[in-house]
Amino acid sequence: MPIVLVVVFFQLAIFRSLPPDLPSLCLGLVIVAIGIALFLQGLELSIFPAGKSLANQFARRGSVLLLMVFGFSLGFAAVVAEPALIAVAEQAERISEGRVNGITLRVIVALSVGAVIALGIVRIVYGWPIHWLMIGGYVIVLCVTGFAPAEIVGLAYDSGGVTTNIVTVPLIAALGLGLANSIAGRNPLRDGFGLVALAVMVPMISVQFYGIWVYSVAGTEAVSLAASGSRELHWALGMLLDLAEMLRDILPMILVVLFFQYVVLRKPLANAARVGLGFLLVLFGLYAFVVGLKLGLFPVGTLMAEQLIERNENLLILLFAFMIGFATTMAEPALIAIGDQAQQAAPGKLKGNVIRLVVALGVAIGISVGVFRIIGGHSIHHYIMTAYLVVLILTFVSPRYITALAFDLGGVTTSEVTVPLVTALGIGLASSIDGRSALLDGFGLIAFASIFPIISVMLYALVVEAASKRRRSDP
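Residues numbered from 1 in each chain as written. Predicted model: local features only at pLDDT ≥ 70, side-chain atom pairs only at ≥ 80, totals over all residues. Heavy atoms only, no water.

S.K.: Looking at this model, I keep getting lost on the overall build of the protein. Mind explaining?
M.R.: In terms of helices and strands, the protein carries 20 helices and 0 strands. Relative to its full complement of 475 residues, the protein shows a buried share of 56%. Long-range contacts, defined here as pairs at least 24 residues apart, represent 86% of the contacts in the protein between residues at least 6 apart. For the protein, the exposed surface amounts to about 19200 Å²; the carbon and sulfur share of it is 67%. (Helix = DSSP H or I, 4+ residues; strand = E, 2+ residues; numbered from the N terminus. Buried < 20%, exposed > 50% of the residue type's maximum accessible area, 1.4 Å probe, protein only. Contact = heavy atoms within 4.5 Å. Areas by Shrake-Rupley, 256 points an atom, 1.4 Å probe, with all protein chains shown as cover.)

S.K.: Looking at this model, I keep getting lost on helix α14 (residues 333–345). Mind explaining?
M.R.: Helical geometry: 3.6 residues make up each α-helical turn, so side chains three or four residues apart lie on a common side. Counted at 1.5 Å a residue, the expected span for α14 with its 13 residues is 18 Å, and the 18 Å between its end C-alpha atoms agrees. When we look at burial in α14, the residues that qualify are P333, A334, L335, I336, A337, I338, G339, Q341 and A342. (Expected span 1.5 Å × (residues − 1).)

S.K.: Would you mind going over the packing of helix α16 (residues 380–397) against helix α20 (residues 445–473) with me for this structure?
M.R.: Packed helices, taken two at a time, are described by the angle their axes make and the gap between the axes. Closest axis-to-axis distance for the α16/α20 pair is 10 Å, and the angle between their directions is 25 degrees. Between α16 and α20, the angle falls in the class roughly parallel. Where α16 crosses over α20, the handedness of that crossing is left-handed. Contact residues: α16 offers I380, Y383, I384, A387, Y388, V390, V391, L394, T395 and V397, while α20 offers A447, F448, I451, F452, I454, I455, M458, L459 and L462. Class assignment for the residues of the contact of α16 with α20 results in 18 nonpolar, 1 polar and no charged. (Axes fitted to C-alpha atoms, helices over the stretch in contact; angles between N-to-C directions. Parallel < 35°, antiparallel > 145°, perpendicular 65-115°, else oblique. Left-handed = near helix turned anticlockwise from the far one by under 90°. Nonpolar A, V, L, I, M, F, W, Y, C, P; charged D, E, K, R; others polar.)

S.K.: Please clarify how a positive patch on the surface should be interpreted in this entry.
M.R.: On the surface, R60, R61, R266 and K267 cluster together into a positively charged patch. As for its position among the elements, R266 is in the loop between α11 (235–264) and α12 (272–311). Here R266 falls in the exposed class, since its relative accessible area comes to 72%. (Patch = residues over 30% accessible without salt bridge, like charges linked within 9 Å, V, L, I, M, F, W, Y side chains within 5 Å. Salt bridge = Lys/Arg side-chain N within 4 Å of Asp/Glu carboxyl O. Lys, Arg positive; Asp, Glu negative; His and termini not counted. Charge placed at Lys NZ, Arg CZ, Asp CG, Glu CD.)

S.K.: Explain the side chain of H131 to me, please; I cannot follow it from the model alone.
M.R.: With respect to the helices, strands and loops of the structure, H131 is situated in helix α6 (residues 130–147). By relative accessible area, H131 is classed as buried at 8%. A polar atom in the side chain of H131 sits 3.0 Å from the side chain of W132. Dropping the residues within four chain positions of it, H131 is found in contact with T395, R400 and T403. (Polar contact = N/O pair within 3.5 Å; in protein donor to acceptor, adjacent residues only side chain to side chain.)

S.K.: Before we go on, may I ask you to explain the layout of surface pockets in this structure?
M.R.: Rolling a probe over the atoms, with the probe sized like a water molecule, indicates the empty space that remains. Size it by volume and the second largest pocket reaches roughly 310 Å³. M1, P2, I3, V4 and L29 are, among the 16 residues lining the second largest pocket, the residues nearest its centre. Looking at which element gives the most residues to the lining of the second largest pocket, the answer is helix α2 (residues 22–61), with 7 residues. The class makeup of the residues in the lining of the second largest pocket is 15 nonpolar, no polar and 1 charged. (1 Å grid on protein atoms, 1.4 Å probe; cavity = no way out; pocket = protein on both sides within 12 Å on 5 of 7 lines; lining within 4 Å. Points joined across faces, edges and corners; volume = space filled by probe spheres on them.)

S.K.: Please clarify how the packing of aromatic side chains should be interpreted in this entry.
M.R.: Aromatic rings considered in pairs are described by the distance between their centres and by the relative angle of their planes. Tallied over the full model, the rule gives 9 aromatic pairs. Both rings, one in Y138 and one in Y388, keep their centres 4.4 Å apart while their planes meet at 20 degrees; by these two values the pair is stacked. Of this pair, Y138 sits in helix α6 while Y388 sits in helix α16, and the two are 250 residues apart along the sequence. The pair Y138 / Y388 is uniform in exposure class, with both members buried. (Phe/Tyr/Trp six-rings, centres within 6.5 Å; stacked < 30°, edge-to-face > 60°.)

S.K.: Honestly, the nonpolar core in this entry has me stumped. Any pointers?
M.R.: For soluble globular proteins, nonpolar side chains are generally found buried alongside one another. Ranked by internal contacts, the top residues of the largest apolar core, which has 155 residues, are Y138, Y157, L350, V371, Y388, L405 and L409. In terms of residue count, the dominant contributor to this core is helix α10 (residues 195–217) (14 residues). (Core = buried A, V, L, I, M, F, W, Y, C linked by side-chain atoms within 4.5 Å.)

S.K.: Looking at this structure, how should I read α10?
M.R.: Between the first and last C-alpha of α10 there are 33 Å, a value that for 23 residues agrees with the 33 Å anticipated at 1.5 Å per step. Judged by how many residues are buried, α10 sits mostly within the fold: 18 of 23 residues are covered.

S.K.: Explain the packing of helix α5 (residues 102–126) against α10 here, please?
M.R.: α10 packs onto α5 with a crossing angle of 140 degrees between their chain directions and a minimal axis gap of 8 Å. Classed by the angle they form, the pair α5 and α10 counts as oblique. The two elements α5 and α10 meet at a crossing, and its hand is right-handed. On α10, the residues that touch T104, L105, I108, V109, S112, V113, V116, I117, G120, I121 and I124 of α5 are L195, L198, A199, V202, P203, S206, V207 and Y210. Looking at the contact of α5 with α10 residue by residue, the class counts come to 15 nonpolar, 4 polar and no charged.

S.K.: Whenever I open this one, the side chain of D191 confuses me. Can you help?
M.R.: Topologically, D191 is positioned in helix α9 (residues 188–192). At a separation of 3.2 Å, a polar atom in the side chain of D191 contacts the side chain of R190. Beyond its immediate sequence surroundings of up to four residues, D191 is in contact with R123, I124, A180, G185 and R186.

S.K.: Would you mind going over the confidence of the model for the protein with me for this structure?
M.R.: For the protein, mean pLDDT is 79; residues scoring 70 or higher make up 88% of the total. Mean pLDDT values over the elements of the protein span from 67, in helix α19 (residues 438–442), up to 89, in helix α15 (residues 352–376). Between residues 222–231, whose pLDDT stays under 50, and residues either more than four places distant or in other chains, the model counts 8 contacts. (pLDDT = per-residue confidence, 0-100.)

S.K.: Just checking my understanding: could you explain a nonpolar patch on the surface for this structure?
M.R.: Residues V30, I34, L38, L280 and F284 make up a contiguous nonpolar surface patch of roughly 420 Å² in combined accessible area. Residue assignment for the nonpolar patch shows that the elements contributing at least two residues are α2 and α12. It is α2 that contributes the most residues to the nonpolar patch, 3 residues altogether. Residue position: I34 is located in helix α2.

S.K.: Before we go on, may I ask you to explain the environment of Q261 in this structure?
M.R.: Looking at where Q261 falls in the secondary structure, it is placed in helix α11. You can call Q261 buried: its relative accessible area is 1%. Residues Q261 and L54, spaced 207 residues apart in sequence, show a C-alpha to C-alpha distance of 7.2 Å. The contacts of Q261, once residues within four sequence positions are left out, are L54, Q57, R266, K267, P268 and L269. Among the polar contacts listed, one links the side chain of Q261 to the side chain of Q57, at a separation of 3.3 Å.

This is the structure in structure tokens:
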């Protein structure tokens, strides 16, 4: 509904016309709703129980090394075929004229995520406080940003933001929560969350180092990219190809789970038929979700962004950025799933719907700030470094129970719904404004969509804690 209201508002109030192909838009959004319902049901049947069961079994074995290998394999498999990362890598290769190699970028990010998931598992096992890892990590991020080439900074932060999608986030979260529940003395809210946050942070460092190599050390020759012609496919064949791509995206993670369950642990999967049905629901739910987006949201969203850019009215562009950021975040299935898990981990303290609203507000503000930066032509270094300094300060003063969840929520806001629209808006703006570079200015909006929810969630926790103390102190 938020997406529908944004579209209707801009078409009727701003452009004074009905959305083009209105029946297709409505049908697409109905299919999106059905896809989300199937997807969430599939998560409850397959990914959440399978991830928590594996974590429990590994914890009982007491082998930290085995847990680390599993975490690395899961992280690498989840990210190397991530559609949003593939899209960003292809855009980077095209805009940089081949200096940034798309496949190399994907492998670097996937290796980074695998390594840091293994580290995150060690943190849960030994009970290391997440805030010290996040503070130390982001200090490194900011230090590297200080001398990284301007061409790579926005791309590096965006690469961190797109490592987590609507399938990988629940599985990684299930692994962390399962471990925290299996180890005595661990708290699911404080210790179970945090793996997603680490998976977002470390690629920012590795991609900036890759950019330093590409732009400062390696040769300056641009690679000639072959133009790929688009092919018209029969709609039925196109649907089959889309379904095959969905299977390709989740198959590596399924294979990792099955390999460790049957080959390493040598135990049958509990409720195998139920888990299998759940994975099918995840597959078809995700497929319906993406088909609905392609049918309804993406065409009208891209068209509206182009119409606003043509009108060259900055206030309207900022308003659109705010509203579309809020609306798409409210529709993120991964955010719905993690909000429900957080509510279950802290009953009475956190509410899933309130978390969604706070996160959506943070994304809306973040994308608006990012669009303002592109319009003004300001350096992304200053904005990014200032925002993360605010995050580091809030990490020191906010309640400890919210730290891991807040950083995780910054990672779940940028997946299949938000990334295509936000990327199109950023590159479209940078390409249409004189003096802007698509490579220097077009990337970075995803990064802002990841940073500001962390700030909004921590501020929300501070407000809740202050109100709770005031109620306790009242006679």
